Amino acid sequence: MNYRFIAQLILQDQEQKLLSREEIDLLKEVDRRGQLRQAALAIGISYKKAWLLIERVNNLSPAPLVERFKGGAQGGGSRLTPLGQRLIQVFESIDQLANNLLDSFGGDLSAPQHFLQGLSMKISTRNQFSGKIIALDEGPIFVQVTLQLSGKTQITATITHHALEDLHLSLNKEVFAAIKASNVILAKSDAPLNISTGNQLEGQVVELFEGQVHYEVILSLEGGNHVCATLPVQALTELAPRIGDKLWVLFQPSDVILITL
C-alpha cells in the first residue's frame, strides 16, 4: 500500500493548541457569511460545536478573533477581528509552504501499516482561559493567585504553597486557568452580590443550549472571554435566562485549576 505525507498545521501557545485546519475553515466561513450558524452548516458541524470552537480560540488568544455585533437585516451576526483575519492569512501561507515542501520529495512513500501516534494532553474541563499572573498573596497555608485575562477581566485562584513551588509560579508568568462548568453559579442582580464567593464577574448571556437533564448558558465577559455554566433543567424556570440578559458569574477561587506547560 502506498502512503503519502501531508502537513497538518497547528498553531499553539506553550504547547496548548489554539488553531488547526478545522478552526481556520470555520473562521473563513464566518468571515464569508457573517453568521456563525451558517458558517457551521457550511463546514458540516453543529452550531453548538462551532460555538465551542470559537469560544475556545477567543479565550486562549491574546485578543478575540471573532466578535458579535447587533443590528442589520438578520438582527446581528459574527465577524472576524483584524487579528482573526491576519491569522488566517499567515496560517494559509505557512500551510501552503509546508505542503509544497513535502511535494518536493516527489511521489508516494512506502510505509508500514501501523503508525506511531503522538501523545497529547487534553483537558475535559469546559472553561479554559489564558492569563498572566499579576498578584501573589501568600498566607500561612494557601496562596491567592490573581490572573489578568484579556480585557479587564481578572480571576483569582487559591492554591497551596507546594503547588506554587511545583508550578514555578511568579509574577507576569503566563498560565492557563480551568474551571468546571458545573462549578459556575449564575445569579440575577442589579448590583454586585454581598457574598463570600471570591470570583464575581458580570456577564451577558449570548447562547443557551438545552439538554434533557442539564442546559448550558454561555456568557460573554468584558474583554471578549466567554464562560459556560452547566445548570440542571429545573433551574431554567427559576433563573429564566434569555439572550442579552446580564447575569453575575460566580465561582470559588478553590475551583480554579492552574496549568503550566
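Just so you know, the residues in each chain are numbered from 1, in the order the chain's sequence is written. Only residues with pLDDT of 70 or above have their local features reported here, since the model is predicted, and side-chain atom pairs are shown and tallied only from 80 upward, although totals for entire chains, interfaces and linings are computed over all residues. In computing side-chain values, all of the structure's heavy atoms are included and hydrogens and water are not.

A.B. asks: Could you clarify how one ought to interpret a negative patch on the surface in this entry?
C.D. replies: Together, Asp137, Glu138, Glu165 and Asp166 make up a region of like negative charge exposed at the surface. The helix and strand labels rest on DSSP assignments: H or I over at least four residues marks a helix, E over at least two residues marks a strand, and numbering proceeds from the N terminus. Those elements giving two or more residues to the negative patch turn out to be β7 (127-138) and α5 (161-166). A patch is a set of surface residues, each over 30% in relative accessible area and not in a salt bridge, joined within 9 Å for like charges and within 5 Å for the nonpolar side chains Val, Leu, Ile, Met, Phe, Trp and Tyr. A 1.4 Å probe and the Shrake-Rupley method give the accessible areas. Residues count as covered only by the protein chains that appear here. Salt-bridge detection follows one rule: a side-chain nitrogen of Lys or Arg within 4 Å of a carboxyl oxygen of Asp or Glu. Note that His is not counted, nor are the chain ends; the positive residues are Lys and Arg, and the negative ones are Asp and Glu. Charge placement uses NZ in Lys and CZ in Arg. For Asp and Glu, CG and CD serve respectively.

A.B. asks: Where do I start with the pattern of salt bridges in this structure?
C.D. replies: Side chains carrying opposite charge are able to pair once their charged atoms draw close together. As enumerated under the stated definition, the model contains ten salt bridges in all. The partner of Asp25 in a salt bridge is Arg21, with the nearest N and O atoms 3.1 Å apart. Of the two residues, Asp25 and Arg21 both sit in helix α1 (residues 21-33), four residues apart, roughly one turn of that helix. With a shortest N-O distance of 2.9 Å, Glu22 and Lys49 are connected by a salt bridge. Placement of the pair is Glu22 in helix α1 and Lys49 in helix α3 (residues 47-60), with a sequence separation of 27 residues. Salt bridges sharing partners connect three or more residues here, namely Arg21, Asp25, Lys28 and Glu92.

A.B. asks: Would you take a moment to explain the sheet that holds strand β15 (residues 246-251) for this structure?
C.D. replies: Whether parallel or antiparallel, the strands of a sheet pair through hydrogen bonds between backbone atoms. Strand order in the open sheet formed by five strands is β11-β15-β12-β13-β14, with antiparallel pairing between adjacent strands. Edge strands, defined here as strands with exactly one partner in the open sheet, are β11 (185-187) and β14 (226-232). Strand-to-strand twist in this sheet, taken as the mean axis angle between neighbours without regard to direction, amounts to 45°. At least two bridges found by DSSP between two strands is the condition for calling them paired. As defined by bridge partners, strand β12 (residues 199-210) adjoins strand β13 (residues 214-221) across seven bridges and the pair is classed as antiparallel. Across the sheet, the residue bridging to Glu210 is Tyr215, located in β13. Between N-to-C directions, angles span 0 to 180 degrees; the directions come from axes that are lines fitted to C-alpha atoms, helices contributing only their stretch in contact.

A.B. asks: Before we go on, may I ask you to explain the sheet that holds β7 in this structure?
C.D. replies: Spatial strand order, β9-β8-β7-β10-β16: five strands in an open sheet with antiparallel pairing. Both edges of this open sheet fall to β9 (154-160) and β16 (257-259), since each of them pairs with a single strand only. Strand after strand, the sheet turns through a mean of 45° between neighbouring axes, direction not considered. For β7 and strand β10 (residues 174-179), the ladder comprises six bridges, and the chain directions are antiparallel.

A.B. asks: I would appreciate a short explanation of the packing of aromatic side chains in the present structure.
C.D. replies: Given two aromatic rings, their pairing is described by the distance between the two centres and the angle made by the two planes. The aromatic pairing rule takes the rings of Phe, Tyr and Trp, using the six-membered ring of Trp, and pairs them if the centres are within 6.5 Å, calling planes under 30 degrees apart stacked, those over 60 edge-to-face and the rest tilted. As enumerated under the stated definition, the model contains one aromatic pair in all. Ring centres of Tyr47 and Phe209 lie 6.2 Å apart, and the angle between their planes is 55°; this geometry places the pair in the tilted category. Pair noted here: Tyr47 is in helix α3 and Phe209 is in strand β12, with a separation of 162 residues, a long-range link. Remark: exposure states derive from per-residue accessible area (1.4 Å probe, protein chains only) relative to the maximum for the residue type, with buried under 20%, exposed over 50%, and partly exposed in between. The buried category is assigned to Phe209, whose relative accessible area is 14%. The cationic tip of Arg37 hangs over the ring face of Tyr47; the distance from NZ or CZ to the ring centre is 3.9 Å. Put simply, a charge is over a ring when the Lys NZ or the Arg CZ is close to the ring centre, within 6 Å, and near the line of the ring normal, within 35 degrees.

A.B. asks: What is the right way to look at the nonpolar core in this model?
C.D. replies: Most often, soluble globular proteins keep nonpolar side chains buried together rather than apart. To form a nonpolar core, buried Ala, Val, Leu, Ile, Met, Phe, Trp, Tyr and Cys residues must be joined to one another through side-chain atoms within 4.5 Å. Ranked by size, the top nonpolar core spans 34 residues in total, and within it Leu169, Leu186, Val249 and Leu258 carry the most contacts. When sequence neighbours within four positions are dropped, the list of residues in contact with Leu258 reads Val145, Leu147, Ala157, Ile159, Leu167, Leu169, Phe176 and Ala177. Here a residue-residue contact requires only that any non-hydrogen atoms of the pair lie within 4.5 Å.

A.B. asks: Help me understand the environment of Arg32, please; the structure alone is not making it clear to me.
C.D. replies: Considering the arrangement of structural elements, one finds Arg32 in helix α1. What makes Arg32 exposed here is its relative accessible area of 55%. A sequence separation of 47 residues divides Arg32 from Arg79, and the C-alpha atoms of the two residues are 8.8 Å apart.

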